[in-house]
Amino acid sequence: MRRRLPLVLGAVGAVALAVVGVRAFLGLPGAGEVPHPYAARAVAAAYAHTTPNAVVSVTLDQRGFDTLGEEFVLLAAAIGTVLLLRRLAEEAHEDRPHDYGPEDVFEAVRLVGALLLPAALLVGGYVVLHGHLSPGGGFQGGTVLASGLYLAYLAADYRTLERLGPPGVLDTAEGVGALGYAAVGFAGLIGGSAYLANDLPHGVWNSLLSAGTVPVLNVAIGLEVGAAFVLVVAKFLEQALLVPREDGDDGGDRDATAGEGEH
Amino acid sequence: MADVLPWLLYAGAGWIFLAGLYGLVTSRHLVHTVVCLSVTQSATYLLLLAVGWTRGGTAPIFADIGRHRRVVDPVVQAMTLTDVVVGAAMTALLLALSVQVAKRRGCVDPRLLRSLEQESEEERGRPAPGRSG
């Protein structure tokens, strides 16, 4: 019965979903032709603040307050992941040999990784800084920056990754990024208007220093997203590499681990 | 015939959602469960982009196109971006929880996992080493 329960519940849910879903889909407007009133207004607002990338204008200017919440969702998830995957004292196992990563990587992989590392960092920085002009922005560029640091892991090993992005520096970058976004919002308040209002000079259309607060917010987000991704993936790598696996003995040893874990 | 594409987009979103849902229901491994949840969520990306799609529209980035070119809806594209970011954050958190479940219980099959209370009652009956302090 217990094995069947998910299937039964799933079947009931599927029938309910089919009824509601088909009705909802039939009520949808036919895509492609209908006028998009919000799109027209969003494009006009993007033009008013000299932001050629209308998507980024919506994300960071028109809906800037929502993105503040989104950024703190990311921050909370990163903190939660780091907290859940922290190495406990009993897992350190200093007496056991550790594997710090692939020591026996092909030379070609090392070479490509070393060559791509600066390129990835450059592209990441470019995508962050040009977010208001071309497709990209802080979220996209931040992940490119983070993947650049993982090339260092591929090219070398975990220790190199730790040296390139020490956890203390990354924690700080993450916090500074999140705080920076909120601080830009308060700057709007101090300037005498609304929270996160785009009150900086809007500059010349299609130039790097334009669109007011949007590039500043992009840099803050890029910092936070890049740091968050490196931290989170580093924690998963640490689990895979540093914590020795206890294969095969799910009897007494597991109970011992579970018991120790409660302290 | 010309109007098949929008419904194909909606149907594709529904199909991806159902495929992910089937995986969730029949999952036997927590990592598989998390990936299925990501698949289910990715249906919302397609749905949002289908809602914002405009026939003949281009990307809503006006750096190199005129003010009055027809573009797709930037509002739903921004929502999709939010969706992707929250999805990535959620996946990381759920995978971290899966790692903890695997370490604490030695079991990653969602059907075999019991509630916390049951497990601790089971353990209370046994003299577990390392709990004396």
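Preceding this paragraph is the structure being described.
Residues numbered from 1 in each chain as written. Chains lettered and ligands numbered in written order. Predicted model: local features only at pLDDT ≥ 70, side-chain atom pairs only at ≥ 80, totals over all residues. Heavy atoms only, no water.

(A) Representation of the overall build of chain B within the structure. Per the secondary structure count, chain B includes four helices and zero strands. When the elements of chain B are put in sequence order from the N terminus, they spell out α-α-α-α. Expressed as a percentage of its 133 residues, the buried residues of chain B come to 36%. Here chain B has roughly 7,200 Å² of accessible surface; of this, 67% comes from carbon and sulfur atoms. (Helix = DSSP H or I, 4+ residues; strand = E, 2+ residues; numbered from the N terminus. Buried < 20%, exposed > 50% of the residue type's maximum accessible area, 1.4 Å probe, protein only. Areas by Shrake-Rupley, 256 points an atom, 1.4 Å probe, with all protein chains shown as cover.)

(B) Fine view of the packing of aromatic side chains. A complete count under the given rule lists five aromatic pairs over all chains for this structure. Three or more aromatic residues link up through ring pairs in this structure, and these residues are A:Tyr47, A:Trp205 and B:Phe62. Its end group placed over the ring of A:Tyr47, B:Arg67 keeps NZ or CZ at 4.5 Å from the ring centre. (Phe/Tyr/Trp six-rings, centres within 6.5 Å; stacked < 30°, edge-to-face > 60°. Lys NZ or Arg CZ within 6 Å of the ring centre and 35° of its normal.)

(C) Focus on the pattern of salt bridges. Residues and elements named next belong to chain A. Within this structure, the stated rule accounts for two salt bridges over all chains. The partner of Asp66 in a salt bridge is Arg63, and the shortest N-O contact between them spans 3.1 Å. On the basis of relative accessible area, Asp66 is assigned to the partly exposed category, the value being 41%. (Salt bridge = Lys/Arg side-chain N within 4 Å of Asp/Glu carboxyl O.)

(D) Structural view of the environment of B:Cys107. Residue and element names in this part refer to chain B. When you line up the elements, Cys107 lands in the loop between α3 (74–105) and α4 (116–125). A sequence separation of 78 residues divides Cys107 from His29, and the C-alpha atoms of the two residues are 8.8 Å apart. If sequence neighbours within four positions are ignored, Cys107 has contacts with Val101, Ala102, Leu112 and Leu113. (Contact = heavy atoms within 4.5 Å.)

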